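# Close look at the chain arrangement
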Amino acid sequence: MAAVLLRAVPWPAVSGITAVALVTGAGGFAWPGGAQILLPIAFALLAGAAAFVLDEPASAVVDVTPTGRARRTAVRALALLVPLGAGTALVLAGALRAVKLPWPAVGLALAGSVLLGFAIACVARRYSGEPGTQASAAAAFVLIIPGFLPFVAQWVRPFPVTGPHPGGPSSTTFWSIAGCVCLAAIAASVPELRRRRSP
Amino acid sequence: MTALAGRETRRYVRNPVFLAAVVFTALAVKSWHANAVQEIGTISPYPAIFLGGFGMIAAFWLTQSTRRSAEALDVAPTTPQARTAALCAVAIVPFVLGWLSFGMFVRIQPLDGIWRYGAFSSSDRMAVLVSQIVVPTLGGPLLGIALARWVRFPGTAIVAFLLLYGWVSLITILAWNHANSVLFVMLRFFAPFTFFTLTDGPDNVDTWRGSPWFFVGWQLGLCAVAVIVALLRGAGGRRQRRLIRVLVAAAAVTALMYALTVAGGWNHPVVSHLGQAPVPIGHSPHPTNR
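Below: a short report on this structure.

If you tally the helices and strands in chain A, you get 11 helices and 0 strands. Listing each helix as α and each strand as β along chain A from the N terminus yields α-α-α-α-α-α-α-α-α-α-α. In summary, chain A has a C-alpha radius of gyration of 17 Å against a globular reference of 16 Å for 199 residues, a match within 12%. For the C-alpha atoms alone, the extent of chain A along its principal axes is close to 55 × 35 × 25 Å. Expressed as a percentage of the 199 residues in chain A, the buried residues total 42%. Long-range pairs, those at least 24 residues apart, make up 71% of the contacts in chain A between residues at least 6 apart in sequence.

Structure, rendered in structure tokens:
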């Protein structure tokens, strides 16, 4: 059953965006100072790839089959190993090349980014059979916008900074809170889990 | 055609991504204050990011949304080129907002102001602002329409946005580290957006090589190429041949603009200090400059 469910994952979208993220992130190691710029973009792309995992063009049929939403979501979550694996390879490559970044915090940012993309897709999947496009854009915006707007960056820090801390919550604090919110959102978006919680 | 353009424009301005872009641009413009910045490049790119970048994503979605009804549209009396032209007309909305942002910027930071613009003349300062604030708001949506006409993958717009953002950020850092290298000058201008000035210390502004006005020409050339590429989709026979000829001509003019951009401007990057004449970088008596 799991193999059948996994076959329905839009692999070209997931693996295609993951490959672009891998090339982008690897480009960051080619030049000094590039990792701080390109790794956040690679992570935003990985979050975008994760957001496509739940896309189901035949949702009108699939949603009424006996296989529950929770099981389908759990099996499809296995596809997150692709963006997570690619991101881990980038983190390891950076750590091995002795690029100066707080790598444990970067690893947490990677996991959080992928989880964020998946959580947004889970919530959007309740309303649309193919939430990938909108969910990937939303995840990328959340991850990238703090880099543009200083007054947002003060409170939302999706990627750890090097050098003196500019104040406000750190990336680790941000992802600790955001990760819990994402897990709660995933749980709330699955009808079976919602029903189990209610009396 | 006008009715079609009006209809597409109404759909575009109701798109949540475009509305978010307008809100973020308004917030950014609201944060602009005179004397708040040392160098214009720290605040000028917001309209390009939001109205240009987000506008590209909104235009991509708008164009792709017509794919599902392609069979019905194919029997409509309008040609694919007329529909594409109507879609391209929506770019006027962010373009107008880009000019408004430009007006706001010039109001708080007049063109005849001091060294925040680096060592550029008033005319070049205007070109820098037009290239950083106005033209990207036109080019972004046009790029989104061209991409949507040719690429089926729905995540293309967000991937393109992130890659362009990454490219401009990376090449800016590299150009800063290799300010005298012709190769990096060429790479810096091989983008739809670039910086012309940078600050790396108190009371000084670096001015990089390159001609701002020819860069505006390069950007407008890219806009023309995007429109023609979008129009080529679905064209056949004589119309296709004519469009290809126009595309070749537009690409040639764009390439010429690019070459003139790289060749123009200062021969060496220079640094300006408040109340002093600009000097080549490396010859500055101030310790903050390389």
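Here the focus is the interface of chain A and chain B. At the junction of the two partners, chain A supplies 22 residues and chain B supplies 19 residues. Sorting the residues of the side of chain A that touches chain B by element identifies helix 2 (11–30), helix 3 (34–51) and helix 8 (132–148) of chain A as the ones contributing at least two each. Considering each element in turn, the side of chain A that touches chain B owes the most residues, 7 residues, to helix 3 of chain A. By residue class, the composition of the side of chain A that touches chain B is 15 nonpolar, 7 polar and no charged.

It is worth spelling out the sheet that holds strand 4 (residues 279–280) of chain B at this point. All names here are of chain B. The sheet built from 4 strands is open, its strands ordered 1-2-3-4 with antiparallel pairing. Looking at the sheet topology across the chains shown, the edges are occupied by strand 1 (197–198) and strand 4. As paired elements, strand 1 and strand 2 (residues 204–207) share 2 bridges and run antiparallel to each other. In the strand pairing of strand 2, Leu198 is matched with Asp206.

What follows concerns helix 3 (residues 46–64) of chain B. All names here are of chain B. Its 19 residues place the ends of helix 3 26 Å apart at the C-alpha level, agreeing with the 27 Å of an ideal helix rising 1.5 Å per residue. At Gly55, helix 3 shows its maximal bend, which comes to roughly 25°. Among the 19 residues in helix 3, 19 count as buried, and that is most of the element.

Bringing the environment of B:Met1 into the picture now. All names here are of chain B. Following the sequence through the fold, Met1 ends up in the segment before helix 1 (2–13). Taking the C-alpha atoms as reference points, Met1 and Thr78, separated by 77 residues in sequence, lie 8.3 Å from one another. Once residues within four sequence positions are removed from consideration, Met1 is found in contact with Ala82, Ala85 and Ala86.

Attention now goes to the pairing of strand 2 of chain B. Residues and elements named next belong to chain B. Judged by which residues are buried, strand 2 turns out to be covered on both faces: Asn204 and Asp206 on one side and Val205 and Thr207 on the other are all buried. Between strand 1 and strand 2, which pair antiparallel in sequence order, lie 5 residues; one of them, Asp203, sits at a positive phi of approximately 65°. When strand 2 meets strand 3 (residues 270–273), the two strands line up antiparallel, connected through 4 bridges. Each bridged residue has a counterpart across the sheet, and for Asp206 the counterpart in strand 3 is Val271.

Cut-off values and rules
- Residues numbered from 1 in each chain as written.
- Chains lettered and ligands numbered in written order.
- Predicted model: local features only at pLDDT ≥ 70, side-chain atom pairs only at ≥ 80, totals over all residues.
- Helix = DSSP H or I, 4+ residues; strand = E, 2+ residues; numbered from the N terminus.
- Rg over C-alpha atoms; globule rule 2.2 N^0.38 Å.
- Buried ≥ 20, exposed ≤ 12 C-beta atoms within 10 Å, placed from the backbone.
- Contact = placed C-beta atoms within 7 Å.
- Nonpolar A, V, L, I, M, F, W, Y, C, P; charged D, E, K, R; others polar.
- Pairing = 2+ DSSP bridges.
- Expected span 1.5 Å × (residues − 1).
- Bend = angle between axes of the 7 residues up to and from the residue.

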